[in-house]
Amino acid sequence: MFFASALFFTSCEKDPFQGGTDTGILPEKFSVDIPDAISQDVTLKKSLAVDTLKGNHVYSHLRFFIRVGESAGEIVEGIIRAISVYDIDRIKTLSYESAEDGRIKNVVVVEAPEYEDQLWDYGLTLTDAESEVNEDGGKGLQIFWNENPRAGVALLKPYNINRKDDALLGEAMFRVDYSEAGEFGYDAHMIVSIADLPAIDPLLEPFAMNAMKMFVGKKADKVDVYGNSSHPNAKLLTTTTGYNWAFVASAETGRDVAAAEVGLPLSTLDATGREVLLEEYSIKHVFTNEVLTVWSNASQERLNAWLTNTEAPGYFDGNGFVQGGTMPGEAYTEVSERLLGLSPYNPKSIANLEILFN
């Protein structure tokens, strides 16, 4: 496996929360769907294993990272559906035995809670009963939400949700902000944050991710994505270690076309703006510097071989990465133009990301 740090998302390959769609007062929707052209299913993760990273691999990995973020919202929705079988249509407190790990979980639903200086319609806290004496209070899930317009924040610690299948995740935390209020000019958007993924032996998983933050906005049939994933042990050709996949992408839901730009700044870089993150640290520039550092007298032929498909943007269809630099056809015009208005987050802020329960 190439990215063991994301194994917890394999639970999305099957739906353990089958049932009705009536969730009572609980929010029925808590994620934005991302077109397959730019979001690769985790069942294909083994195909990402490569001996030497090339431009097309950088773009291909991006689809997997985006899928990891997308899955976080889906997991929150799955847990909501699971809890909804207890007919949460009012303020209540309940306990149940989890079908996943056989442990008792406590659920408390309250009205008008305050979180991050905002008053919400409802709040829900789910805890692992035996762990409530621990420092984290045994909290596995907290949701704060409004009904109209639909919006909310979900905080998730998988270890306290499913002690059996997610035991290796330890202190990993996830946050999903979701809104249909149009704050950023989209019909709906979500912001996925992931922090404190467990360390993986770099000899086994050199590109393992320890944190990420990703924005996804949907407007009509267009979906824009931008963000960063942090890879503390990642190396290219030199001994330089610790890279950040800084990315922007745009796709259409009606047809399998997508475009993306990727920068490879160091995870310690304290900077913002696409001019730095996507141009100064573009795949082509970073690869050029790496090759010339190792082979200072490299021929143009050798350099060109390393730089294949490092041009931006990268283009995708339903089968994945197509090519870099040259637009495959007019169908990609609009998604390419939309990239110019998008920019990733500060890499250092992602490497130091912290997520806490209320």
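Just above sits the structure.
Notes on the structure in this doc start here.

### Side note on the overall build of the protein
Part 1: Along the backbone of the protein there are 7 helices and 15 strands.
Part 2: In the protein, which comprises 358 residues, the proportion classed as buried is 54%.
Part 3: A separation threshold of at least 6 residues defines the contact pool for the protein, and within that pool the share at least 24 residues apart is 59%.
Part 4: By element, 47% of the accessible surface of the protein is carried by carbon and sulfur atoms, the whole surface being about 15,700 Å².

### Some details on the environment of Ile38
Part 1: Checked against the element boundaries, Ile38 lands in the segment before α1 (55-84).
Part 2: Sequence-distant contacts of Ile38, defined by excluding residues within four places in its chain, comprise Arg63, Ile66, Ala249, Ala251, Ala258, Ala260 and Phe316.

### Quick word on the pattern of salt bridges
Part 1: Going through the model one piece at a time under the given rule, you end up with 21 salt bridges.
Part 2: For Lys222, the salt bridge goes to Glu334, with nearest N and O atoms at 3.5 Å. With Lys222 in strand β11 (residues 222-231) and Glu334 in helix α6 (residues 333-338), this residue pair connects regions lying 112 residues apart in the sequence.
Part 3: For Lys222, a relative accessible area of 9% puts it in the buried group.
Part 4: Glu334 sits in the partly exposed class, given a relative accessible area of 38%.
Part 5: Note that Lys284 is salt-bridged to Glu311, the shortest N-O span being 2.7 Å.

### Here's the deal with the pairing of strand β6 (residues 139-146)
Part 1: Of all 8 residues that make up β6, 8 are buried, and the element is covered over most of its length.
Part 2: Pairing of strand β5 (residues 122-128) with β6, which is carried by 6 bridges, proceeds in the antiparallel orientation. Directly across from Gly123, in β6, lies its bridge partner Phe144.
Part 3: Here β6 pairs with strand β7 (residues 151-156) via 6 bridges, running antiparallel. Along β7, the bridge assignment pairs Asn146 with Ala151.

### Some points on unusual backbone geometry
Part 1: Geometrically, the link from Asn148 to Pro149 is a cis peptide bond, its omega value of -5 degrees lying close to zero.
Part 2: Mapping Pro149 onto the fold places it in the loop between β6 and β7.
Part 3: Put simply, Ala312 and Pro313 share a cis peptide bond, and its omega is -5 degrees.
Part 4: With respect to the helices and strands, the residue Pro313 is situated in the loop between α5 (300-306) and β14 (314-317).
Part 5: Positive phi outside glycine occurs at Ala220, with the angle close to 55 degrees.
Part 6: Its location among the elements puts Ala220 in the loop between β10 (211-219) and β11.
Part 7: On the accessibility criterion, Ala220 (49% relative accessible area) is partly exposed.

### Some points on α1
Part 1: Helix length check: α1 (30 residues) gives 45 Å between terminal C-alpha atoms against 44 Å at 1.5 Å per residue, within 8%.
Part 2: α1 sits mainly inside the fold: 25 of its 30 residues count as buried.

### Observations regarding the pairing of β7
Part 1: Of all 6 residues that make up β7, 6 are buried, and the element is covered over most of its length.
Part 2: The alternating pattern of β7 places Ala151, Val153 and Leu155 and Gly152, Ala154 and Leu156 on opposite faces, both of which are buried.
Part 3: Taking the residues that link successive antiparallel strands as the turn, the β6-β7 hairpin has 4 residues.
Part 4: In this sheet, strand β8 (residues 173-179) lies alongside β7 in antiparallel orientation, the contact comprising 6 bridges.

### Examining the side chain of Asn244
Part 1: Along the chain, Asn244 falls in strand β12 (residues 243-252).
Part 2: Those residues in contact with Asn244 that lie beyond four places of it in its chain are Asn228, Ser229, Ser230, Gly263, Leu264, Pro265, Leu266, Ser267, Pro347 and Ile350.

### A closer look at helix α4 (residues 283-294)
Part 1: Given a rise of 1.5 Å per residue, 12 residues ought to cover 16 Å, and the 17 Å separating the end C-alpha atoms of α4 matches this to within 8%.
Part 2: Of all the positions in α4, only Ile283, Val286, Phe287, Thr288, Glu290 and Val291 are classed as buried.
Part 3: Packed against the buried residues of α4 are α1, β12, β13 (258-263) and α5.

### Considering the nonpolar core
Part 1: Membership of the largest hydrophobic core comes to 71 residues, with the highest contact counts inside it found for Ile38, Ile88, Leu124, Leu141, Val225, Val262 and Leu264.
Part 2: The element that contributes the greatest number of residues to this core is α1, accounting for 13 residues.
Part 3: Counting 16 residues, the second largest nonpolar core, distinct from the first, contains Tyr186, Tyr226, Ala259 and Leu339.

Cut-off values and rules
Residues numbered from 1 in each chain as written. Predicted model: local features only at pLDDT ≥ 70, side-chain atom pairs only at ≥ 80, totals over all residues. Heavy atoms only, no water. Helix = DSSP H or I, 4+ residues; strand = E, 2+ residues; numbered from the N terminus. Buried < 20%, exposed > 50% of the residue type's maximum accessible area, 1.4 Å probe, protein only. Contact = heavy atoms within 4.5 Å. Areas by Shrake-Rupley, 256 points an atom, 1.4 Å probe, with all protein chains shown as cover. Salt bridge = Lys/Arg side-chain N within 4 Å of Asp/Glu carboxyl O. Pairing = 2+ DSSP bridges. Expected span 1.5 Å × (residues − 1). Core = buried A, V, L, I, M, F, W, Y, C linked by side-chain atoms within 4.5 Å.

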